[in-house]
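Chain and residue survey
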Amino acid sequence: MSRSTHAASVALILSVVALAPTPAASQAVSLVGTDGSVDWNRFYTAAETNQILGELHTLYPDLTELYSIGTSWRGQPLMLMEITNETTGPAAEKPALYVDGGIHAGELTGSAVATYFVGYLLDGYGRDPRITALLDTRAVYVRPKFNPDGSDIALIDDQFLRSTTHPVDEDEDGVADEDPPQDLNGDGWITQMRVPDAEGGWVADPADPRSMVRDPRHEREGRRYRVLREGIDDDGDGAIDEDGIGGIDMNRNFPRNWEREHIQNGAGDYPLSEPETRAAVAFLDAHPNVTGIIHGHTSGGFVYRLPSASPPSTFPSIDLQLIEHLGEEYTRTTGRPVVPSSTDPTEHRYGTLISWGYWDRGIIGWVPEFVPGPEAWVTDYDGDGEISEAESLRFDDEELGGRYFADWAPFDHPQLGRVEIGGWHAKFWGQNPPPEFLEAETAAQMPWYVYIAEQSPLIEVAGPRVTALGDGTFRVETTLSNTGYLPTTLTDRGAVGEVREDGGVRAQVVRPAWATLEVDGVDIVDGMARRTVGHLAGSNPYLQAVAERARTVSWVVRPTGGARSVRVVGGSDTGGVHRSAWTVVR
Ligand SMILES: [Zn+2]
């Protein structure tokens, strides 16, 4: 757009706004209180989430940066918030936790937890000593809406799709996305259709005929039905809802151990074919300071750990011990289990984010599957330790005004004849909690999120110590130590590299620590200013590839006049960057 047409369009927009004050006024409604408070018992669209991030950024300018790391399939910005105390150093010079949510469209709680984490950290800074220490020494990158297009049509239109809106011709009839589910009765929900059928695999429970019970072997009494998702056969092929919106599963689209569609459903045409996955890998590649990944999904009420897209037999056992240890804190703080993503010796997923993060970057990643199911919010009226369908219906009736179950109502279906439409609003009764219970679910995750961020390596630089060598030169020495829990390699995988003939290692998965001597009025006489320090172990007892927690490096310098001063800048990709004070050489 040229400058003059841009100016013209701005003038046009201004005149439209002047004529139509209502949309402008509605945009001005704030989602964040002046005290930073947010209504967390709500699911937010991508635009609303970006607005929350923007308003929090305005409230906390010294703790946040907010930017887009790419553009979605439909052109929405992929917003990411960076959180750290910027007065103690920029995020890029600190170890960092990467958090996202919502790669799978309907898994809205993943985005809600990520957004809540932003608010939790900003609210806690300066009040909660643990959060204050975390943001003084480390950084957090949060991308609440990994997949804004998919999340929006799941939330706004109640559509069912796995991940991105990028069209896929799933029924291979030459047309993509032509037969999605539809809200036929216009009640705002895509629920279910029950069709009377003596051969059907469902019966209406005689105790409460609203409740449909699966009975494929015809063992129960009651009126029999087929149960289908609400929709019509749009393309006349005899099948209902068989080619819905999208079809790619973006968490099968990452480059490590990717496979084609006939082996891995939803893999996409090639690794990182999607703008949203490409943005994730490009961001992580540009941020080697990321030391942990939490990739938020629903549902189930547990965390998937590594291994993911590889058989368990190929996964290093020493890293597994460390991962199991870090997972124990999740169980301790939430009461929920941590389970391997891959358990079968031959069959496993392909192309997942946490698999790429581990094998290509040495990073331990996690896939929390939030929301255990209705047992998280429904009362166990009969105290038998389980939540029955009848208890769910009673709770919805008595506590929630029946909002999450649509009573079966007759509908004249163009292909099926007389059917009934109704059933659970499944997206908010299982895959996600009803919004009334969302904050309880998101808040429960916070202690472990903070814990994982705290486990990073953290390098400290001591010195420099200056010793006169007697011939007009001086030795300048510094010691780098890792005071964190993880080693600077993060894992044993991070230490893997090409072993050279001289015993050195190059091209390690995680680059080693380094130190650079900055000089003013001093010449370095024994080589380069930058020295490789090597990797540094953390306090964890599991990993063995690196032994020393501290290493000393030195330079020989000769003063030339002026300030005669040196300082050390040292660190590593994963342990942060630190600067010593300027020290006079004498
Ligand atoms: Zn998922």
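1. Digging into the overall build of the protein
- What the protein contains, in helices and strands, is 12 helices and 25 strands.
- The principal-axis extents of the C-alpha atoms in the protein amount to approximately 100 × 65 × 50 Å.
- Out of the 586 residues belonging to the protein, those deemed buried represent 52%.
- Relative to all contacts within the protein whose residues are 6 or more apart in sequence, the contacts with residues 24 or more apart total 70%.
- Summing over all exposed atoms, the protein offers an accessible surface of approximately 25,100 Å²; the carbon and sulfur share of this is 51%.
- With 47 positive and 89 negative side-chain charges, the protein shows a separation of 10 Å between the mean positions of the two kinds.

2. Here we look at the pairing of strand 12 (residues 364–370)
- With respect to burial, strand 12 is a largely interior element, seven of its seven residues being buried.
- When strand 9 (residues 290–298) meets strand 12, the two strands line up parallel, connected through five bridges. Within strand 12, the position partnered with Ile-293 by the bridge is Gly-365.
- Note that strand 10 (residues 302–305) and strand 12 share three bridges and pair antiparallel. Residue pairing across strands places Phe-302 opposite Glu-369, the latter belonging to strand 12.

3. Overview of the sheet that holds strand 16 (residues 474–482)
- The antiparallel open sheet is built from four strands, whose spatial order is 15-16-22-20. The sheet is open, and its two edges are formed by strand 15 (459–468) and strand 20 (522–524), each paired on a single side. This sheet shows a mean twist of 35° between the axes of neighbouring strands, independent of strand direction.
- For strand 20 and strand 22 (residues 550–559), the ladder comprises three bridges, and the chain directions are antiparallel.

4. Side note on the sheet that holds strand 8 (residues 224–229)
- Here we have six strands laid out as an open sheet, ordered 7-6-8-5-14-13, and antiparallel in their pairing. Each having just a single partner strand, strand 7 (212–214) and strand 13 (405–413) make up the two edges of the open sheet. Averaged over all pairs of adjacent strands, the angle between their axes in this sheet comes to 40°, without regard to strand direction.
- Pairing analysis gives five bridges linking strand 5 (residues 192–196) to strand 8, with the strands arranged antiparallel. Bridge pairing in strand 8 links Pro-196 to Tyr-225.
- Contacting strand 7, strand 13 and strand 14 (417–424), helix 10 (residues 389–399) runs over the sheet at an angle of about 80° to strand 14.

5. Notes on the coordination of the zinc ion
- Surrounding the zinc ion are the protein donor atoms His-104 (ND1), Glu-107 (OE), Glu-107 (OE) and His-297 (ND1), which sit 2.0 to 2.5 Å from the metal.
- Expressed as a motif, the donor residue spacing for the zinc ion is H-x2-E-x189-H.
- By relative accessible area, Glu-107 is classed as buried at 5%.

6. Here's the deal with the packing of helix 8 (residues 317–334) against helix 12 (residues 446–454)
- Two numbers describe how helix 8 lies on helix 12: the axes approach to 9 Å, and their chain directions differ by 155°. Of the possible angle classes, the one that applies to helix 8 and helix 12 is roughly antiparallel. In this structure, the crossing between helix 8 and helix 12 has a hand that is right-handed. On the side of helix 8, the interface is formed by His-325, Leu-326, Glu-329, Tyr-330 and Thr-333, while helix 12 contributes Pro-447, Trp-448, Tyr-451 and Ile-452.
- Tallied by class, the residues present in the contact of helix 8 with helix 12 amount to six nonpolar, two polar and one charged.

7. Describing the pattern of salt bridges
- Taken as a whole and judged by the stated rule, the model has 29 salt bridges.
- Note that Arg-210 is salt-bridged to Asp-208, the shortest N-O span being 3.0 Å. When sorted by exposure, Arg-210 lands in the same class as Asp-208, which is buried.
- One salt bridge in this structure joins Asp-249 and Arg-252, with 3.9 Å as the shortest N-O distance.
- Looking at Asp-249, the relative accessible area reads 5%, which means it is buried.
- Here the salt bridges do not stand alone but share partners, grouping Glu-107, Arg-162, Asp-249 and Arg-252 into one network.

8. Observations regarding the nonpolar core
- Within the largest apolar cluster, 101 residues are counted, with the highest numbers of intra-cluster contacts made by Ile-83, Tyr-98, Phe-117, Leu-121, Phe-254, Trp-366 and Trp-448.
- In terms of residue count, the dominant contributor to this core is helix 4 (residues 108–124) (nine residues).
- The residues touching Tyr-98, leaving out its near neighbours within four places in the chain, are Leu-80, Tyr-141, Arg-143, Phe-146, Ala-280, Phe-283, Leu-284, Val-290, Gly-292, Ile-293, Ile-294 and Leu-353.
- Core analysis: the second largest hydrophobic core is formed by 17 residues, Phe-474, Val-476, Leu-480 and Val-568 among them.

9. A closer look at the confidence of the model for the protein
- Predicted confidence across the protein gives a mean pLDDT of 94, with 95% of residues reaching 70 or more.
- Note on residues 1–25: pLDDT under 50 across the span, and three contacts to partners over four residues away in sequence or across chains.

10. A look at helix 9 (residues 353–361)
- Extensive coverage of helix 9 is indicated by the burial of eight of its nine residues.
- Listed as buried for helix 9 are Leu-353, Ile-354, Ser-355, Trp-356, Gly-357, Tyr-358, Trp-359 and Arg-361.
- As for helix 9, its buried residues are in contact with strand 3 (96–101), helix 7 (275–286), strand 9, strand 10, helix 8 and strand 12.

11. Re the packing of helix 4 against helix 12
- Contact geometry of helix 4 with helix 12 gives a least axis separation of 11 Å together with a crossing angle of 75°. Put simply, helix 4 runs roughly perpendicular to helix 12. Contacts between helix 4 and helix 12 involve Val-113, Tyr-116, Phe-117, Tyr-120 and Leu-121 from the first element and Met-446, Tyr-449 and Val-450 from the second.
- For the contact of helix 4 with helix 12, the class distribution of residues is eight nonpolar, no polar and no charged.

12. Focus on the packing of aromatic side chains
- A full pass over the atoms with the stated rule returns 20 aromatic pairs.
- Relative to Phe-283, the ring of Tyr-141 has its centre 5.0 Å away and its plane inclined at 80°; by these criteria the two rings are edge-to-face. Here Tyr-141, found in strand 4 (residues 139–143), pairs with Phe-283, found in helix 7; they are 142 residues apart in sequence, far enough to count as distant.
- With relative accessibility at 4%, the residue Phe-283 sits in the buried group.

13. Notes on helix 7
- Under the 1.5 Å per step criterion, the end-to-end length of helix 7 is 16 Å for 12 residues, consistent within 8% with the ideal 16 Å.
- Here helix 7 has its buried residues at Pro-275, Glu-276, Thr-277, Ala-279, Ala-280, Val-281, Phe-283 and Leu-284.

Reading the values: the criteria
Residues numbered from 1 in each chain as written. Predicted model: local features only at pLDDT ≥ 70, side-chain atom pairs only at ≥ 80, totals over all residues. Heavy atoms only, no water. Helix = DSSP H or I, 4+ residues; strand = E, 2+ residues; numbered from the N terminus. Buried < 20%, exposed > 50% of the residue type's maximum accessible area, 1.4 Å probe, protein only. Contact = heavy atoms within 4.5 Å. Areas by Shrake-Rupley, 256 points an atom, 1.4 Å probe, with all protein chains shown as cover. Lys, Arg positive; Asp, Glu negative; His and termini not counted. Charge placed at Lys NZ, Arg CZ, Asp CG, Glu CD. Pairing = 2+ DSSP bridges. Axes fitted to C-alpha atoms, helices over the stretch in contact; angles between N-to-C directions. Donors = N, O, S within 2.8 Å, 3.2 Å for Na, K, Ca; no water. Parallel < 35°, antiparallel > 145°, perpendicular 65-115°, else oblique. Left-handed = near helix turned anticlockwise from the far one by under 90°. Nonpolar A, V, L, I, M, F, W, Y, C, P; charged D, E, K, R; others polar. Salt bridge = Lys/Arg side-chain N within 4 Å of Asp/Glu carboxyl O. Core = buried A, V, L, I, M, F, W, Y, C linked by side-chain atoms within 4.5 Å. pLDDT = per-residue confidence, 0-100. Phe/Tyr/Trp six-rings, centres within 6.5 Å; stacked < 30°, edge-to-face > 60°. Expected span 1.5 Å × (residues − 1).

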